[in-house]
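# Overview (structure and organization)
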Amino acid sequence: MNTRRELKLSDGSSIDFFSIPALEREGFGDASRTPASLRVLLEGLLRAQARGQCPPESVAHLATWTPGRAEREEIPFMPSRVLLQDFTGVPCLVDLAALRSALRRRGADPSSVEPLVPVDLVIDHSVQLDASASRAAFDINLDREYERNRERYAFLRWGRRTFRNLTVMPPGLGICHQVNMERLATCVRIATSGGRPFAGPDTLVGTDSHTPMVNSMGVLGWGVGGIEAEAAMLGHPIPVLTPSVTGVRLAGELPDGATPTDLALAVTAALRKQGVVGHFVEFFGPGLDTMSLADRAPIANMAPEYGATIGFFPVDDATLAYLRATGRAPAHVDLVERYTKEQGLFRTRGAPEPRCDAVVEIDLARVEPSVAGPRRPHERIPVKRLHQAFAESLRQPIEDGGFGVVDGLSTDSAHRLTHGAVVIAAITSCTNTSNPTLMLAAGLLARKAAALGLRPPAWVKTSFAPGSRVVTDYLERAGLLKDLESLGFHVAAYGCTTCIGNSGPLPEDTAAAIRERQLVAVAVLSGNRNFDGRIHPLTQANYLCSPPLVVAYALKGTVLGSLTDAPLGMDPAGRPVFLRDLWPSKAEVRALLDLTDDAALYKRRYNAPQPSDARWDALPSGASDDDTWDDASTYIREPPWVRNIGAEPEPVQDLRGARILCLLGDFVTTDHISPAGDIPADGTAGRYLRERGVPPAEFNSFGARRGNHEVMVRGTFANIRLRNQLVRRAGGWTRHLPSGDEMEIFDAAQRYRSEGVPLVVVAGKMYGAGSSRDWAAKGAALLGVRAVIAHSFERIHRGNLLGMGVLPLEFAEGAAPPALNGGETISIFGIKRNMSPGAMFDAEAVRPDGTTLRFAARARIDTPQELDVYLHGGILPLVLRGLLGGR
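Presented here is a report on the structure given in the accompanying data block.

Definitions and limits used
Residues numbered from 1 in each chain as written. Predicted model: local features only at pLDDT ≥ 70, side-chain atom pairs only at ≥ 80, totals over all residues. Heavy atoms only, no water. Helix = DSSP H or I, 4+ residues; strand = E, 2+ residues; numbered from the N terminus. Rg over C-alpha atoms; globule rule 2.2 N^0.38 Å. Buried < 20%, exposed > 50% of the residue type's maximum accessible area, 1.4 Å probe, protein only. Contact = heavy atoms within 4.5 Å. Pairing = 2+ DSSP bridges. Axes fitted to C-alpha atoms, helices over the stretch in contact; angles between N-to-C directions. Salt bridge = Lys/Arg side-chain N within 4 Å of Asp/Glu carboxyl O. Phe/Tyr/Trp six-rings, centres within 6.5 Å; stacked < 30°, edge-to-face > 60°. Lys NZ or Arg CZ within 6 Å of the ring centre and 35° of its normal.

## Examining the overall build of the chain
When its secondary structure is counted, the chain shows 33 helices and 32 strands. For the chain, whose C-alpha radius of gyration is 27 Å, the value lies close to the compact-globule estimate of 29 Å for 887 residues. Taking the principal axes of the C-alpha coordinates as reference, the chain spans close to 80 × 80 × 60 Å. Expressed as a percentage of its 887 residues, the buried residues of the chain come to 64%. Of the contacts made within the chain by residues no fewer than 6 positions apart, 75% connect residues no fewer than 24 positions apart.

Given below as structure tokens:
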């Protein structure tokens with residue numbers, strides 16, 4: 001297949017590209033109505049085939065794709081770049097450094113471990129909100145961030161100096177996904193092949209589940225575990241089965257009062273109901289003509305919340321407008337337009353709609369103001385009903401999703417706190433701070449409220465953490481920053497903060513009242529995640545909503561009583577002030593939008609030195625490439641993955657007599673599995689640190705210590721909201737069998753290891769939903785978990801388990817799973833002789849009285865490449881053996 005062609009540019013020059021229309025002209029059918037996301041995949045196959053890395057049959061398979069086709073083949077996806085954030089990026093660099101150390105010990109060249117594609121790491125996850133609601137908050141939080149993370153950041157500077165293809169963006173710049181859109185994403189990338197430059201789609205994978213936010217620009221990319229990202233960095237393609245494509249046809253226009261956040265929550269609820277786990281989702285329809293690219297970003301960002309691999313918007317005029325507004329060079333914008341039109345990747349008004357496996361219709365005109373919660377991003381509730389829904393959930397039993405409150409609306413006399421008190425109100429997260437209309441609406445609402453003398457009650461911790469410094473620039477230009485500050489929404493950080501649980505402490509009197517009276521306190525935030533225990537240990541109910549609604553709920557101070565029909569407060573004359581009095585109209589927001597549409601803002605922020613650069617430059621970066629491990633460090637330690645592996649993998653074995661470490665229900669997220677947030681002083685991880693001389697005040701967070709496997713394994717399955725059915729209490733506890741002793745999960749795993757007993761985890765549906773935390777798999781592997789048996793898996797976590805050599809198994813579809821109580825021993829037969837993609841195994845669970853429950857389990861190894869990874873015991877052993885074999 002010779003599809004290399006020449007594309008003429010506006011300056012008279014030309015550039016090569018691999019032409020999809022040329023493939024069609026060779027007789028591979030008309031792909032004009034193939035979804036644009038699949039056409040991007042197809043272009044990648046053309047390039048791979050030209051390099052001899054992909055057989056022509058794979059190209060033909062995708063080129064002739066039709067909806068509903070049953071055959072699914074493995075497609076090698078080689079992203080053109082990798083995006084990291086610091087929580088997941090540090091373990092990636094630790095693993096690359098471990099590979100270098102393993103090669104050095106074997107007398108091989110450690111420099112052969114080098115990313116083969118550009119890797120960008122944005123430090124955005126570490127900052128915590130120790131301070132808020134003051135102009136000093138930003139500097140206080142940044143200073144504390146550097147104090148806490150000096151070792152980690154020095155290690156990242158070592159990595160930046162050691163790896164040629166790695167760029168590290170220091171703290172205080174923004175959130176990786178917003179920086180990706182505003183700065184890193186190009187839509188079309190230029191590379192070299194055969195001595196000549198060629199153009200191709202900008203594609204990526206990122207070690208954060210919200211990487212699909214960049215899909216709003218027509219850039220194909222999704223979240224993967226750190227383990228898969230490492231393989232991609234080192235030149236290993238990511239295997240993708242031919243995806244199912246669900247189309248979302250958008251029609252109409254958002255009404256006054258509804259925001260892009262409300263639309264994103266509506267899409268999330270609709271697609272969760274439809275069932276799109278693992279699908280490509282592509283948006284089309286006349287509704288797109290009424291939406292700016294910034295309006296699309298929250299929808300794409302929420303792809304993991306609706307379960308899809310991507311939430312894709314093709315390149316169109318809105319994309320070109322965004323590229324110009326964010327300071328991309330005119331010649332590059334011209335290249336993007338010419339290239340995407342030539343390849344059939346450009347959406348035009350009235351063009352034929354793509355053919356999809358299924359189509360969901362959404363009328364924008366029917367979208368209404370909403371929140372999502374109290375525990376899941378797809379639990380959408382209209383704002384007008386939230387007070388009723390919360391009151392109902394208070395008395396619902398915990399096992400039915402409620403809070404099990406039986407004592408009425410308990411009140412604290414000092415604070416007037418009740419159940420439903422809003423104690424955290426956070427404008428945060430790239431999900432919504434990337435959208436100027438949302439930020440301007442929040443500022444306008446704050447201006448009107450401040451002018452009427454309204455202020456949040458004393459118990460509300462307010463904070464503002466934009467995903468980009470440009471947000472502050474245009475709010476200042478519009479005069480709205482001071483209005484937000486007057487209500488306590490001072491800029492406290494440029495990072496993820498509350499959205500990932502770095503909410504910081506509540507005032508002690510508020511915290512004491514919540515604990516003593518066991519109040520169901522509330523957080524409202526403009527983020528994308530609200531799982532149990534994520535936002536703050538003391539907020540049991542957490543609601544996602546738009547930035548202006550965050551301000552409104554901060555003013556009200558509670559979710560009890562109607563937000564729409566009851567007053568938010570009184571003006572100086574004693575007149576009630578309602579939400580309708582404060583809510584800005586579309587016209588008011590549009591009048592200020594021109595202030596945000598200024599390429600100079602973006603050029604200045606991304607090209608000029610940043611305020612935190614001096615702190616960054618003062619950090620050590622190691623004396624040499626070998627200067628990696630410090631035995632005294634409690635942040636960075638050499639992991640065990642490749643330290644002592646043999647030259648050949650050991651044969652896989654059947655699983656016999658395994659004990660159940662955790663027996664879990666549905667929707668157990670990676671937040672439940674992987675340690676995050678504060679490190680409890682009385683837990684196994686806290687004891688480990690104290691034994692090494694680290695006082696509790698210096699523990700930092702689990703996320704900050706992801707480079708130390710000893711800390712992380714002790715926090716695995718230790719989330720305070722985890723419900724392991726082997727014990728009655730919540731948290732990281734289990735029952736050791738057959739002794740019956742109740743103990744922390746890490747201690748039980750150590751005891752089982754000493755007894756030579758393998759372990760399994762048994763779970764319900766959507767196991768591993770949520771963030772792309774590789775430590776949810778790494779921790780399980782270190783605990784001795786050989787297999788996870790679940791009703792279904794979320795995509796990223798399944799891949800991470802395989803990447804660590806842990807076998808994901810699903811109960812056979814259509815067969816009733818056994819009613820396990822956790823006391824059984826589990827055996828899986830046929831692994832040794834029949835392991836293959838999708839293999840079915842016979843399994844049995846034997847109870848203490850000898851009763852045997854037999855069932856079938858299917859291996860969720862989906863591709864030959866995944867099988868290779870599993871047989872090697874994980875991706876890193878596979879990579880190391882490949883490097884050693886290539887000496």
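## Considering the sheet that holds strand E13 (residues 280–284)
Read across the open sheet, the four strands follow the order E14-E13-E12-E15; overall the sheet is parallel. Each having just a single partner strand, strand E14 (310–312) and strand E15 (358–363) make up the two edges of the open sheet. With strand direction ignored, the average angle separating the axes of adjacent strands in the sheet is 20 degrees. Two strands pair when backbone bridges link them, and E13 and E14 are joined in this way by three bridges, in the parallel orientation. Pairing of Glu-282 across the sheet is with Phe-312, part of E14. Running at roughly 150 degrees to E15, helix H9 (residues 260–274) makes contact with strand E12 (245–251), E13 and E15 of the sheet.

## A closer look at helix H29 (residues 775–783)
Since the α-helix packs 3.6 residues into each turn, any two residues three or four apart lie on the same face. For H29, the buried fraction is high: eight of the nine residues fall into the buried class. Taken residue by residue, H29 has Trp-775, Ala-776, Ala-777, Lys-778, Gly-779, Ala-780, Leu-782 and Leu-783 as its buried positions.

## Description of the pattern of salt bridges
Side-chain pairs of opposite charge can arise where the charged atoms are in close proximity. On inspection of all chains with the given rule, the structure shows 55 salt bridges. Linking Arg-39 and Glu-24 is a salt bridge whose minimum nitrogen-to-oxygen distance equals 3.3 Å. Separated by 15 residues along the polypeptide, Arg-39 in helix H2 (residues 36–50) and Glu-24 in helix H1 (residues 20–28) bring together distant segments of the chain. Here Arg-39 falls in the buried class, since its relative accessible area comes to 3%. Close ionic contact of Glu-147 with Arg-144 constitutes a salt bridge, the shortest N to O distance being 2.8 Å. Taken as a pair, Glu-147 and Arg-144 lie in helix H5 (residues 137–148) at a separation of three residues, close to a single helical turn. A relative accessible area of 53% means that Glu-147 is categorised as exposed. Salt bridges sharing common partners tie together Arg-798, Glu-810, Arg-858, Arg-860, Asp-862 and Glu-866.

## Side note on the packing of aromatic side chains
Evaluation of the coordinates by the stated rule reveals 15 aromatic pairs. Between Phe-17 and Tyr-339, the aromatic rings sit 6.0 Å apart at their centres with planes inclined by 85 degrees, giving edge-to-face as the arrangement. Linking Phe-17 in strand E2 (residues 14–18) with Tyr-339 in helix H13 (residues 330–342), this pair joins segments that are 322 residues apart in sequence. Among the aromatic residues, ring-to-ring pairing joins Phe-77, Trp-222 and Phe-280 into one connected group. The ring centre of Trp-733 lies 3.6 Å from the NZ or CZ of Arg-729, which sits over that ring. Just above the ring of Trp-775 sits the side chain of Lys-778; from NZ or CZ to the centre is 5.6 Å.

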